[in-house]
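# Analysis of the macromolecular model
Residues per chain, in single letters:
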Amino acid sequence: GAGPRGSLTLTLLRGAQELIRRSFAGEPPRARGAVLTATVLARREDHGANFSCRAELDLRPHGLGLFSNSSAPRELRTFALSPDPPRLVVPRLLEVGSERPVRCTLDELFPASEAEVYLALGDHRLSPDITLEGDALVVTATATANAEQEGTRQLVCNVTLGGESRETRENVTVYSFPAPVLTLSEPSTPEGKVVTVTCAAGPGALVTLDGIPAVVPGQPAQLQLNATEDDDKRSFFCDASLEVVGQTLSKNESAELRVLYAPRLDDSDCP
């Protein structure tokens, strides 16, 4: 809407720096309006820079003044995001109730401080600790799981910057493996009494009691003995093994039997 067009000059500025300037002198005097366009290569140093347009209408030759007006500044935000996905280091196995560290890193970020991170195990979002190492983003967190998450879950790390995202997913198997339970029907028993020793564990676990395995996984192993003096302070060992995605895990428990017996006298003990 500026005119007369021949008296108009447009300037595009980056901050106070002139990028391009154009005078419309020689244009038809009745023409109105003008457009000035400049193409610039986005650079890191342009991040946060203000760009504006200044219009000058020189009517001094007509006995009037020099009129000037500027647009409101517009901020340019530049970013750089690596084409590679984040590097995600996670545990392959995660026991219910346990805690394991998780680490996600992504290089070649600018500005790394403005990146948004989403880190989650299944539908449970983790609380990440984010540190910057130059242009690299390092995200660490502690992953825990509950019984409702048993099975294969995906741990996802998503980094978003400038409206673009990079994402990596890794499978994590959440499992439950309580320690085996070793029980003695009579932890402290008189000599001659029958004692039942039982070794039991959770579903799917194979238990072994003093080297003798249970018939099938998930079933307890038992032995019975008639307690004698020789069984006093005898230790029993209960081992449990569980296979999870090709890896064999084991836990064990032990217990001691106390046998109460009368002291034995021989002829030398008699007066």
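Residues numbered from 1 in each chain as written. Predicted model: local features only at pLDDT ≥ 70, side-chain atom pairs only at ≥ 80, totals over all residues. Heavy atoms only, no water.

Attention shifts here to the UniProt feature "domain: Intercellular adhesion molecule 1/3/5 D2" (unreviewed entry) in the chain. In this numbering, the UniProt entry assigns the feature "domain: Intercellular adhesion molecule 1/3/5 D2" (unreviewed entry) to residues 86-175. When the span residues 86-175 is considered, its composition is 0% helix and 68% strand, and the gap between its end C-alpha atoms is 26 Å. (UniProt positions renumbered as here; feature names shortened; annotations may be inferred. Helix = DSSP H or I, 4+ residues; strand = E, 2+ residues; numbered from the N terminus.)

We now examine unusual backbone geometry. A cis amide bond, omega -15°, links Phe-110 with the succeeding residue Pro-111. With respect to the secondary-structure elements, Pro-111 resides in the loop between β10 (109-110) and β11 (116-121). One non-glycine residue, Asp-210, lies in positive phi territory at about 50°. Take Asp-210: it is sitting in the loop between β20 (206-209) and β21 (212-213). Unlike most non-glycine residues, Val-245 shows phi in positive territory, near 40°. Within the secondary structure, Val-245 is located in the loop between β23 (234-244) and β24 (247-260).

All right, on to the pairing of strand β17 (residues 181-184) then. Of the two faces of β17, only the one carrying Leu-182 and Leu-184 is buried; Val-181 and Thr-183 on the other face are not. Relative to strand β19 (residues 194-200), β17 runs antiparallel, the two sharing four bridges. Counterpart to Val-181 in the pairing with β19 is Ala-200. (Buried < 20%, exposed > 50% of the residue type's maximum accessible area, 1.4 Å probe, protein only. Pairing = 2+ DSSP bridges.)

Another aspect to go through is the pattern of salt bridges. A full pass over the atoms with the stated rule returns 19 salt bridges. The salt bridge partner of Glu-167 is Arg-169, with a shortest N-O separation of 2.9 Å. A relative accessible area of 44% means that Arg-169 is categorised as partly exposed. Salt-bridge contacts for Arg-258 lead to Asp-232; the nearest nitrogen and oxygen are separated by 3.2 Å. Residue Arg-258 is located in strand β24, and its partner Asp-232 is located in the loop between β22 (221-226) and β23; the two are separated by 26 residues in the primary sequence. On the basis of relative accessibility, which here comes to 36%, the residue Arg-258 falls in the partly exposed class. Three or more residues are tied together by salt bridges with common partners; here these are Arg-14, Arg-43, Glu-45 and Asp-46. (Salt bridge = Lys/Arg side-chain N within 4 Å of Asp/Glu carboxyl O.)

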